[in-house]
Structures are given as structure tokens and as C-alpha cells.
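# Topology and contacts: notes
What follows is the residue order along each chain.
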Amino acid sequence: MKKINKLLIGTHNKGKFREISDLLPKKLKKISPQDLKIESPEETGKSFEENSELKANFFCKRSNIVTLSDDSGLEVDCLDGNPGIYSSRWAEKFGGFENAMQEIIKMVKNKNKNSKAQFICSLTIQWPEGEKITETGVIKGNITEKKGNNGFGYDPIFIPDGYHKTFGEMNYKEKLLIDHRFIAYKKLEKKIKNYF
Ligand code: IMP
């Protein structure tokens, strides 16, 4: 088994890059696509798994370095699972995350149903030789009024089940150790820990 001593974290999202880096062993050299001037691929997949695999394959092929990629997003039950895989595209469509969060709050209120939602994350590790492993993590919760300024993306409007504050009100460590990315990483870690 060839040990991994450097890993490309295949994302241009700074919030994700920081979280994924902090879940990985400290001794591992973490490389970003920016370091190698690699742009992002178009996300043409129909699911988090497909997009995560598409990104891992794209960055791995271009860098020839073992790559860990993520695709993640927020699914709101009463919005038929939207924005889902379109989470970052909704932010573009509405002119930023602030507006997208207000739109989601408005839509959920108008539906007058429940405010159940979940964050989902698929993580894929791919080797240059082509082997890959994908795992998915889910954290359930509810949409609420915007609270807190920590984190990134939709963090301020999501309260995970069992808590009374949003991801945006949690400190960095608190969110890092419970979120969808953490759950996916723990599943993956079981399969790859001997490579580190
Ligand atoms: P993508 O995986 O690059 O398509 O982007 C997923 C989008 O989902 C991000 O830009 C965020 O808007 C949102 N998202 C994913 N994970 C989180 C999270 O942990 N907190 C807040 N928003 C997230």
C-alpha cells in the first residue's frame, strides 16, 4: 500500500477547504487547486455523489495527485429538496448567500408546512491510478430566521436536531465536529486511515 503524504483538496470554496483540512491528519501536506492554478469543473452530475466523483476525477487527472473532493448542499423538505445540488448556484441566482437565505426563509414561510431540512455531503477520494471511494454524510435539522455570523454559506439559517442554535452561531470547532462533512469523513476515514 502506497502511503499518502500529500493530498489535493479539490475545492475552491474556502469554508470547505478549511473544514476538510482540519479533519485530515496534521502531518499530511494539503494542496489546493489554486496552488496549481486549476479551475473548477462544470457540475453536471444529478446527485451529490455524482458531482463529488466528477470533481475528484477532474482535479486528480489534472494534478496527478491523490485528491479528496466534496459536493454538498442544503435540502429543504417543503421545497422538494431544493436547493440541494444547486446550493451554490442558488446563491449566484439570487445575488449572494444573504439574498438566497432570505429567499429560502420566505419560501418556507409561504409553504406554511414544516421547516425540516438537511445538509448533505459526499466526499470522494481518488487515486491517479483511477481507484476511488465515496461516502456520504447527512445532518438533519430545521430552517430558521438568520442567526449568527460564523461559518459560511447557509450556516446561519440551519439548526441541527438536538441543538438550539444555528451552525452560524456555533464556534468553528463545534460545527466542525458534528456536521455533514464530519459524518462523511468519519465513514471514509475507516477505509483510508491506513494510507496515512
Ligand atoms: P458545491 O458543493 O461546490 O456545489 O457547493 C455547495 C454549496 O452548499 C456551498 O457553496 C454552500 O453554499 C452550501 N454548503 C455546503 N456545505 C455547507 C456548510 O457546511 N455550511 C453552509 N453551507 C454549505
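See the structure above.
Please read these numbers as outputs of a predicted model, since none were measured by experiment.

### Notes on the site of the ligand
The ligand sits among 18 residues. The nearest are Lys16, Phe97, Asp155, Lys175 and Arg181. Glu43 places a polar side-chain atom, nitrogen or oxygen, 3.0 Å from an oxygen atom of the ligand. For the ligand, whose free accessible area comes to 480 Å², the fraction covered by protein is 95%. Put simply, the parts of the chain that give the shell around the ligand at least two residues each are strand 3 (67-76), helix 3 (87-94) and helix 6 (180-192). Here the shell around the ligand is built from residues that sort into 4 nonpolar, 7 polar and 7 charged.

### As for the packing of aromatic side chains
Inspection of every chain in the model, using the stated rule, returns 7 aromatic pairs. Ring pairing ties together the aromatic residues Phe119, Phe158 and Phe167, which thus form one cluster. A cation over a ring is seen here: Arg18 above Tyr172, with NZ or CZ 3.5 Å from the ring centre.

### What to know about the side chain of Asp179
Here Asp179 shows up in the loop between helix 5 (172-176) and helix 6. With a relative accessible area of 0%, Asp179 lands in the buried category. Of the polar contacts made by the side chain of Asp179, one reaches the backbone nitrogen of Arg181; its length is 3.1 Å. Among residues more than four places away in sequence, those in contact with Asp179 are Glu19, Ile139 and Phe167.

### So, the packing of helix 1 (residues 14-23) against helix 6
Interaxial distance between helix 1 and helix 6 falls to 11 Å at its minimum, and their mutual angle equals 40 degrees. Handedness of the crossing formed by helix 1 with helix 6: right-handed. Contacts between helix 1 and helix 6 involve Lys16, Glu19, Ile20 and Leu23 from the first element and Arg181, Phe182 and Tyr185 from the second. Taken together, the residues of the contact of helix 1 with helix 6 break down into 4 nonpolar, no polar and 3 charged.

### Digging into the packing of helix 3 against helix 4 (residues 97-111)
At their nearest, the axes of helix 3 and helix 4 sit 7 Å apart, and the two run at 100 degrees to each other. With respect to each other, helix 3 and helix 4 are oriented roughly perpendicular. Across the interface between the two elements, Ser87, Trp90, Ala91 and Phe94 from helix 3 touch Phe97, Asn99, Ala100, Glu103, Ile104 and Met107 from helix 4. Partitioning the contact of helix 3 with helix 4 into residue classes produces 7 nonpolar, 2 polar and 1 charged.

Calculation criteria
Residues numbered from 1 in each chain as written. Predicted model: local features only at pLDDT ≥ 70, side-chain atom pairs only at ≥ 80, totals over all residues. Heavy atoms only, no water. Near = heavy atom within 4 Å. Polar contact = N/O pair within 3.5 Å; in protein donor to acceptor, adjacent residues only side chain to side chain. Areas by Shrake-Rupley, 256 points an atom, 1.4 Å probe, with all protein chains shown as cover. Helix = DSSP H or I, 4+ residues; strand = E, 2+ residues; numbered from the N terminus. Nonpolar A, V, L, I, M, F, W, Y, C, P; charged D, E, K, R; others polar. Phe/Tyr/Trp six-rings, centres within 6.5 Å; stacked < 30°, edge-to-face > 60°. Lys NZ or Arg CZ within 6 Å of the ring centre and 35° of its normal. Buried < 20%, exposed > 50% of the residue type's maximum accessible area, 1.4 Å probe, protein only. Contact = heavy atoms within 4.5 Å. Axes fitted to C-alpha atoms, helices over the stretch in contact; angles between N-to-C directions. Left-handed = near helix turned anticlockwise from the far one by under 90°. Parallel < 35°, antiparallel > 145°, perpendicular 65-115°, else oblique.

Remember, this is a structural readout, not a statement about activity or role.
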